[in-house]
Amino acid sequence: MTILLDDGTGLREITAEAARRWFGATGGALPEHIDETCIALFSASRDKAYSRHKQQEFLADIEGFHSARKGIKIALKNLEGYEEHLDAQQVTDDLVREVLGIERGGKISKRLLKDVRDAIATTLGEERLYIEECRASLNDQLDWHMTGRVDKGQVLSEKRERIFSFIQSEPEASKAKDKAKNVYYEPIRTRLMSMGFVVPPRGIAMGGVFPEKDWLRDIPESTFLRDAKDITDGLVQRYRLLGDDPDSLTRLLIPVEERWKSVRNALSSAVGCLCVSWTRHKALGKTVYVPILGLSGVVERDPAPAFFQKYCRHLALPSWKSDPDIPDVAPYQESEQLKTQRALMGRAQQGARPYLQPKNKPQPDSPEEQLVNTYKEARSTTERLVREESQAYGEYKKARQIQYELEVNYETMLERTNLATLGYHARSRLGLRTPSRQALFSYVSFRENKKSKDLKLDELQPGGLGVDLWVAGWHTLSCAEPAALMTASSYFNEGCDVLICFPYEGFNETGLFRNRPKETCPWCAAVELGFRSLSENPGGVDRSVETGAWLTQHTLTLQEESGGFLPVKEEFDAFDDGNPIMGQTHKSLGGIDAPLVKNKDLKVLAYSPAVETKVGRLRSMYHLLGLLNSEVVALDRPLYGHVGDGTLWHFLR
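K.L.:
Can you help me understand the overall build of the protein chain in this one?
P.N.:
When you go through the protein chain residue by residue, the secondary structure sums to 21 helices and 11 strands. Expressed as lengths along the three principal axes of its C-alpha atoms, the size of the protein chain is roughly 120 × 75 × 45 Å. Here the protein chain holds 653 residues, and the buried ones make up 53% of them. Long-range pairs, those at least 24 residues apart, make up 76% of the contacts in the protein chain between residues at least 6 apart in sequence. Within the protein chain, the 93 negative side-chain charges are centred at a point lying 3 Å from the centre of the 87 positive side-chain charges.

K.L.:
I'm lost on the environment of E57 in this one. Help?
P.N.:
With respect to the helices, strands and loops of the structure, E57 is situated in helix α3 (residues 55–87). Looking at E57, the relative accessible area reads 31%, which means it is partly exposed. In contact with E57, not counting residues within four places along its chain, are K48 and Y50. At a separation of 2.5 Å, a polar atom in the side chain of E57 contacts the side chain of K48.

K.L.:
Explain the pairing of strand β6 (residues 273–283) to me, please; I cannot follow it from the model alone.
P.N.:
If a strand is regular, its side chains alternate between the two faces of the sheet. By the criterion of burial, β6 is predominantly enclosed, with 10 of the 11 residues buried. Across 6 bridges, the pairing between β6 and strand β8 (residues 500–505) is antiparallel. Within β8, the residue paired with V276 across the bridge is F502. Both β6 and strand β7 (residues 286–295) contribute to a ladder of 10 bridges, which runs antiparallel. Looking across to β7, one finds that K282 is bridged to T287. Between β6 and β7, which pair antiparallel in sequence order, lie 2 residues; one of them, L284, sits at a positive phi of approximately 55°. Taken together, the 2 bridges between β6 and strand β11 (residues 637–638) define a ladder with parallel strand orientation. In the strand pairing of β11, K282 is matched with P638.

K.L.:
Can you help me understand the environment of A348 in this one?
P.N.:
Here A348 lies in helix α12 (residues 336–352). Relative accessible area serves as the criterion here: at 14%, A348 is assigned to the buried category.

K.L.:
Help me understand the side chain of T123, please; the structure alone is not making it clear to me.
P.N.:
By the element assignment, T123 lies in helix α5 (residues 110–145). The class for T123 is buried, based on a relative accessible area of 16%.

K.L.:
Would you mind showing me how to read a positive patch on the surface here?
P.N.:
Residues K397, K398, K453 and K456 make up a contiguous surface patch of positive charge. As for its position among the elements, K398 is in helix α13 (residues 367–430). Residue class for K398 comes out partly exposed when judged on its relative accessible area of 41%.

K.L.:
How should I be thinking about the nonpolar core in this particular structure?
P.N.:
One recurring pattern in soluble globular proteins is that nonpolar side chains are buried together. Ranked by size, the top nonpolar core spans 56 residues in total, and within it Y311, M413, W523, Y607, L618 and Y622 carry the most contacts. Elements with a contribution of two residues or more to this core: β6, α11 (305–314), α13, α14 (437–444), α15 (480–492), α16 (522–527), α19 (580–589) and α20 (609–624). Of all hydrophobic cores here, the second largest spans 52 residues; its members include I188, A270, F502 and L556.

K.L.:
Even after reading the chapter, I still don't get the sheet that holds strand β1 (residues 3–6), so can you show me in this structure?
P.N.:
Two modes of strand pairing occur in sheets, parallel and antiparallel, and in both the strands are linked by backbone hydrogen bonds. With respect to topology, 3 strands assemble into an open sheet ordered β2-β1-β3, the strand pairing being mixed. The sheet is open, and its two borders are formed by β2 (11–13) and β3 (48–51), each paired with just one other strand. Pairs of neighbouring strands in the sheet enclose a mean axial angle of 30°, with direction left out of account. Two elements, β1 and β2, share 3 bridges in a ladder whose sense is antiparallel. Paired with L5 across the bridge in β2 is R12.

K.L.:
What am I meant to see in the packing of aromatic side chains here?
P.N.:
The relative placement of two aromatic rings is captured by the distance of their centres and the angle of their planes. If you walk through the whole model with that rule in mind, you get 29 aromatic pairs. Measuring from centroid to centroid gives 5.0 Å for F42 and F65, while their planes differ by 50°, and the two rings are tilted. Separated by 23 residues along the polypeptide, F42 in helix α2 (residues 36–45) and F65 in helix α3 bring together distant segments of the chain. Grouping residues by exposure puts F42 and F65 together as buried. Three or more aromatic residues joined by ring pairs form one cluster here, namely W22, F23, F42, Y50, F58 and F65. Here R433 stacks its cationic end above the ring of Y130, 3.5 Å away from the centre of that ring.

K.L.:
Sorry if this is basic, but what is going on with the environment of M146 here?
P.N.:
Position of M146 relative to the elements: it lies in the loop between α5 and α6 (157–168). Setting aside chain neighbours within four positions, we find M146 in contact with L41, S45, R46, F65 and R69.

K.L.:
Teacher, can you tell me more about α11 here?
P.N.:
Because an α-helix completes one turn every 3.6 residues, residues spaced three or four positions apart along the sequence face the same direction. When you tally the buried positions in α11, you get 8 out of 10 residues, the bulk of the element. Turning to α11, its buried residues number three or more, namely F307, F308, Q309, K310, Y311, C312, R313 and H314. Looking at the packing, one finds that the buried side of α11 touches α5, α14 and α15. Immediately beyond the C-terminal end of α11, within one or two residues, lies A316, with a positive phi of roughly 65°.

K.L.:
Is there a simple way to think about unusual backbone geometry in this case?
P.N.:
The backbone of D365 sits at a positive phi, close to 60°, despite the residue not being glycine. Relative to the assigned elements, D365 resides in the loop between α12 and α13. Positive phi, close to 60°, is recorded for L602, a residue that is not glycine. As for its position among the elements, L602 is in the loop between α19 and α20. For L602, a relative accessible area of 1% puts it in the buried group.

Thresholds applied
Residues numbered from 1 in each chain as written. Predicted model: local features only at pLDDT ≥ 70, side-chain atom pairs only at ≥ 80, totals over all residues. Heavy atoms only, no water. Helix = DSSP H or I, 4+ residues; strand = E, 2+ residues; numbered from the N terminus. Buried < 20%, exposed > 50% of the residue type's maximum accessible area, 1.4 Å probe, protein only. Contact = heavy atoms within 4.5 Å. Lys, Arg positive; Asp, Glu negative; His and termini not counted. Charge placed at Lys NZ, Arg CZ, Asp CG, Glu CD. Polar contact = N/O pair within 3.5 Å; in protein donor to acceptor, adjacent residues only side chain to side chain. Pairing = 2+ DSSP bridges. Patch = residues over 30% accessible without salt bridge, like charges linked within 9 Å, V, L, I, M, F, W, Y side chains within 5 Å. Areas by Shrake-Rupley, 256 points an atom, 1.4 Å probe, with all protein chains shown as cover. Salt bridge = Lys/Arg side-chain N within 4 Å of Asp/Glu carboxyl O. Core = buried A, V, L, I, M, F, W, Y, C linked by side-chain atoms within 4.5 Å. Axes fitted to C-alpha atoms, helices over the stretch in contact; angles between N-to-C directions. Phe/Tyr/Trp six-rings, centres within 6.5 Å; stacked < 30°, edge-to-face > 60°. Lys NZ or Arg CZ within 6 Å of the ring centre and 35° of its normal.

So, in structure tokens, the structure goes:
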């Protein structure tokens, strides 16, 4: 392997001295960190030839190589320190009492003691598996950077042809789109790695930690929030994360040839949303803001129980359990009145049977005609009762099925909160990584799908029945934001909340400026600390796409919260649509001076009144369960908390 330069007289190996001469000839200079060691390692392990005018291409390639190796190596060192700490932990009876809040020596049943010990032991086992998965992923990425072509992040034409044929073989549009989501995984993963991103382990959603040179340090939060939009747009444009051509991350597989027109729609709609999420950490007494990329829908294979279990493991959540079943409504049973009426009709039919045939039609006003009329009246009454009971049962079944679902959702949220609370206390006392608050919200309110077809997105159910989790057409772990949370937790070995998230359009036209924002989905609006929202833009969508100018605002829900746990004796009705949390939600989602809108037309409200109320009810439940609490927000946690200050200083210098 070697890196070569075509200087006009032939191909020559690029050494540090040759690189300096190359850049110096045009009045440029190499960055200080691209030193002799870096160039020698890059040249010895990778393979590519550059022409004289490809200086910026060379710089981008070696920056990606340098950033990725640097980020992976400190992550491995941090993981090693975390593993040493984990290996020193033991499950004791005193630990169980501490987790349960029982004084040392206090009474505890043998059954409870065993159950909690087993739960903590399971947590330790999952954490060891998490370390193995993170280490394997980081080493695999390090090996990837140390071998092969520099341009192996590109999708070769032969592979594109195979992908197009694979998708074209599926005649059903929805299934073709599902195939497209899966085939995007590998190209996006390798493209991100080639640009210096560190990606999460396989088997979970796709994301990436931006290279360290893109992190922001030691600036006040007010300054960060003021400049975050422009900075984030710049990152999206620099790395070509969005766009309408095959050069962008979300369009890597878009065919331009007319013969592949049939697969274009499936591939262009595979990535629904792309988010850049900013986490905030402390390092050497200073604040560091880290951008994390997340993508929705980009998975290696269709989600299954193993996918969700791994998701929970990397988010430091309790072990995965599938959704509990929702009971079926009891089958319809006829009333006693209808049964009696059927018997009457049967007897009347028996008496009138000989005269029901046209050839035996009875004479007017005869006793036989009276028998026929009596039967017809009995049949009419029976049919009316059947219709009435059928309609009444249909309405009852609809209402009852919805009620069952809402009740199960409520009970499930209680159960998962108990599991999450136990796990959080155990992790805290063992000094293990703890989940972000956003991850806790997503976990306790997860339901993979609804059962009742009568639960509608824009229809509110009566308050007090339970919890309506149908706030969007997907579940809480489908979004780009949880993918970013999981990516950060896997990389930093610590739960990381997102101070503010910037969602971008996944498949609609973005324009030359590659910066079309997207409204935050209802699920993310329910769980996030802050997000960028859209306001109505003069000139509409076409004008904004053309100019790259979008009117936006920051929706900072954390700033609207009162914070703290709900005192035990404080009365709070999560089902009262007039409670303080509901008021905070309406204020946040109502917009600042201008309403929040969808990006498809910049006119339709981002959240319908029904959806806005559902989000408020969800946040009310989080508050009732003690989760809407600023103390569990995972901001300002130590950056690489398991390496020494010297290593951290050297990394950040």
